[in-house]
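Structure assessment
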Amino acid sequence: MSETSVAFGQYPAAQRTIIHLSDTHLLAGNVALGGRYDTETNLRRTMERVAELGLTPDALVFTGDLTDFGEPDAYERLRDIVEPVAREWGCPVAWVAGNHDERPALRSGLLGLDPTEEPVLGEWDLGGLRLLALDSSVPGWHHGDLDDGQLEWLRSRLAEPAPLGTILALHHPPLPSHVPLFGILELQRQERLAEAIAGTDVRAILAGHLHYSTSGTFAGVPVSVAAATCYTMDIARPALSVNGMDAGQSFHLVHVYDDTITHSVVPVAGAADGDYFGPEWYERMSRLTPEERLEVFSRKPDRSGSANA
């Protein structure tokens, strides 16, 4: 039992659910990334963890750096790992281009399109929730940018609001990073994106690139950055000493409600947990009135007697 039909709180159930993953960095032949990271095994573990959620998402969104060198075999491996899961759920996969990707191989290997240098754009209608993918990659470079054509395409799509609003997905987050190296590789000319989304129905921006989870606002819109599945940045170290580590991999569980969107960080590495809460516990709670549930679960026990014993 992953959900209950009984509303235990004041908010109704989420209208849509998205799984947000990023920075898989697969390599042809599953060569170890940097001679150190088994990116394919890490992705498979991530997808196993996704399956353990026990839900059917409305979309899987991968916000870029799908491969490390843009090799055709790496895209094939990525597709073989992810698409069977998506088919089982009957949900789309939004492949977003990152600076480590190569547009021609991505377009042909994942999208079945002509292998050109045209930006990789995408649009999905998730039952009234509009998902738009931009391509912030710059061929031959690792920093990000959005050209005039993309921004015009974005304006045209946002001219009419969607019933549940719009979520944007791109690789380079329009946010500052306290890690200086990412300042060199940030999204350039961000004011152009701000102008394009001003006054529109954009409710959230999903991004990657940083290899650590963070969030902020851009032009008044919440931005959520998912950490990587391949390796993450150890930001417990001083900013000038931050490097990668084979730990801390995670993805985001995105819930779209009437008036807000939440982004929950889901760790890939699990651990033994308690067994107090489960389907039977929720079934018992569902039989109680709201007042009875507060009495049973919210009221603190009276410890006044034990304190004087």
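Here's what I pulled together on the structure shown here. Keep in mind the model is a prediction, meaning the values are calculated, not measured. (Residues numbered from 1 in each chain as written. Predicted model: local features only at pLDDT ≥ 70, side-chain atom pairs only at ≥ 80, totals over all residues. Heavy atoms only, no water.)

1. A few points about the pairing of strand E1 (residues 16-21)
Of all six residues making up E1, six are buried, and the element is well covered by its neighbours. Of the strand pairs in this sheet, E1 and strand E12 (residues 250-256) are connected by five bridges, and their pairing is antiparallel. Bridge pairing in E12 links His 20 to His 252. Following the backbone out of E1, through helix H1 (residues 39-51) and into the adjacent parallel strand E2 (residues 59-63), one traces a crossover that is right-handed. (Buried < 20%, exposed > 50% of the residue type's maximum accessible area, 1.4 Å probe, protein only. Helix = DSSP H or I, 4+ residues; strand = E, 2+ residues; numbered from the N terminus. Pairing = 2+ DSSP bridges. Right-handed = clockwise from strand over helix to strand, strands pointing away.)

2. Thoughts on the sheet that holds strand E7 (residues 202-207)
In spatial order, the strands read E4-E5-E6-E7-E9-E8; together these six strands make up an open sheet with mixed pairing. Two strands in the sheet have a free side with no partner beyond their single neighbour: strand E4 (122-126) and strand E8 (214-218). Averaged over all adjacent pairs, the angle separating strand axes in this sheet is 20°, with direction ignored. Bridge count for strand E6 (residues 166-169) against E7 is four bridges, and the pairing is parallel. Looking at E7, one finds that Leu 168 is bridged to Ile 205. Lying over the sheet, helix H4 (residues 148-158) contacts E4, strand E5 (129-133), E6 and E7, oriented at roughly 175° with respect to E5. Together, E6, E7, E8 and strand E9 (221-225) form the strand contacts of helix H6 (residues 190-197), whose direction differs from that of E8 by roughly 65°. (Axes fitted to C-alpha atoms, helices over the stretch in contact; angles between N-to-C directions. Contact = heavy atoms within 4.5 Å.)

3. Overview of the side chain of Asp 201
As for its placement among the helices and strands, Asp 201 is situated in the loop between H6 and E7. One polar contact links Asp 201 to Arg 130, side chain to side chain, over a distance of 3.2 Å. A polar atom in the side chain of Asp 201 sits 2.7 Å from the backbone nitrogen of Ala 162. The contacts of Asp 201, once residues within four sequence positions are left out, are Arg 130, Leu 158, Pro 161, Ala 162, Gly 165 and Thr 166. (Polar contact = N/O pair within 3.5 Å; in protein donor to acceptor, adjacent residues only side chain to side chain.)

4. Quick look at H6
Restricting attention to buried positions, one finds in H6 the residues Gln 190, Arg 192, Leu 193, Ala 196 and Ile 197. Down the axis of H6, the buried side of the element spans an arc of 155°, and every buried residue falls inside it. Gly 199, located one to two residues past H6, shows a positive phi value of around 75°. (Arc of directions from axis to C-beta.)

5. Concerning unusual backbone geometry
The phi torsion at Asp 23 lies on the positive side, around 50°, for a residue other than glycine. Along the chain, the position of Asp 23 falls in the loop between E1 and H1. Look at Asp 23 and you get buried, because its relative accessible area is 0%. For Asp 65, which is not glycine, the phi dihedral falls at a positive 50°. Structurally, Asp 65 can be placed in the loop between E2 and helix H2 (72-89).

6. Remarks on the pairing of E8
Direction of pairing for E8 relative to E9: antiparallel, over a ladder of five bridges. Bridging across to E9, Thr 214 finds its partner in Val 225. Hairpin remark: E8 followed by E9, antiparallel, with two residues in the connecting loop; positive phi at Ala 219, about 55°.

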